[in-house]
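Below, each chain spelled out in residue letters.
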Amino acid sequence: MQTPNDSLEQARMSYEGHLAACRQCAADQAPCAVAKHLRRVYNNLNLAARRGASGGPLTRPR
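Figured I'd write up the structure that's included with this text. (Residues numbered from 1 in each chain as written. Predicted model: local features only at pLDDT ≥ 70, side-chain atom pairs only at ≥ 80, totals over all residues. Heavy atoms only, no water.)

## A short note on the state of the cysteines
Thinking step 1. Summed over the entire model, instances satisfying the criterion amount to 0 disulfides.
Thinking step 2. Cysteine 25 takes part in no disulfide bond, and the closest cysteine sulfur, belonging to cysteine 22, lies 3.6 Å away.
Thinking step 3. Free cysteine cysteine 32: the closest other cysteine sulfur is in cysteine 25, separated by 3.6 Å. (Disulfide = S-S within 2.5 Å.)

Okay, here's the thing in structure tokens:
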């Protein structure tokens, strides 16, 4: 089982790896939709870790 820190590190590595390998990100000098999604996943995990959550998805009150 992965710890929240392992998940956070894996999300960061996925995002950075994508930026290094994606031709669209390199050509446009801006993140593509996949890069934006990976960054959002990383940010959500980071926020959950800081809040002391178990790493699950954040729920927003309606």
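Having put the structure on the table, let's press on.
## A few points about the packing of aromatic side chains
Thinking step 1. Taken as a whole and assessed by the stated rule, the structure comprises 0 aromatic pairs.
Thinking step 2. The ring of tyrosine 15 carries the charged tip of arginine 39 above its face, separated from the ring centre by 5.4 Å. (Phe/Tyr/Trp six-rings, centres within 6.5 Å; stacked < 30°, edge-to-face > 60°. Lys NZ or Arg CZ within 6 Å of the ring centre and 35° of its normal.)

## Side note on the packing of helix H1 (residues 4-21) against helix H3 (residues 33-51)
Thinking step 1. H3 packs onto H1 with a crossing angle of 160° between their chain directions and a minimal axis gap of 9 Å. The angle between H1 and H3 places the two elements in the roughly antiparallel class. The handedness of the crossing between H1 and H3 is left-handed. Of H3, the residues touching H1 (which contributes Ser7, Leu8, Ala11, Arg12, Ser14, Tyr15, His18 and Leu19) are Val34, Ala35, Leu38, Arg39, Val41, Tyr42, Leu45 and Asn46.
Thinking step 2. For the contact of H1 with H3, the per-class residue count stands at 10 nonpolar, 4 polar and 2 charged. (Axes fitted to C-alpha atoms, helices over the stretch in contact; angles between N-to-C directions. Helix = DSSP H or I, 4+ residues; strand = E, 2+ residues; numbered from the N terminus. Parallel < 35°, antiparallel > 145°, perpendicular 65-115°, else oblique. Left-handed = near helix turned anticlockwise from the far one by under 90°. Contact = heavy atoms within 4.5 Å. Nonpolar A, V, L, I, M, F, W, Y, C, P; charged D, E, K, R; others polar.)

## A closer look at the pattern of salt bridges
Thinking step 1. Inspection of every chain in the model, using the stated rule, returns 2 salt bridges.
Thinking step 2. Between glutamate 9 and arginine 12 there is a salt bridge whose closest N-O contact spans 2.4 Å. Residue glutamate 9 and its partner arginine 12 are located together in helix H1, separated by 3 residues, close to a single helical turn.
Thinking step 3. What makes glutamate 9 partly exposed here is its relative accessible area of 38%.
Thinking step 4. In this structure, glutamate 16 and arginine 12 form a salt bridge, with 2.8 Å as the shortest nitrogen-oxygen distance. Linking glutamate 16 with arginine 12, this pair stays in helix H1, spanning 4 residues, or about one helical turn.
Thinking step 5. Assessed through its relative accessible area of 41%, glutamate 16 is described here as partly exposed.
Thinking step 6. Residues joined by salt bridges that share partners form a network here, namely Glu9, Arg12 and Glu16. (Salt bridge = Lys/Arg side-chain N within 4 Å of Asp/Glu carboxyl O. Buried < 20%, exposed > 50% of the residue type's maximum accessible area, 1.4 Å probe, protein only.)

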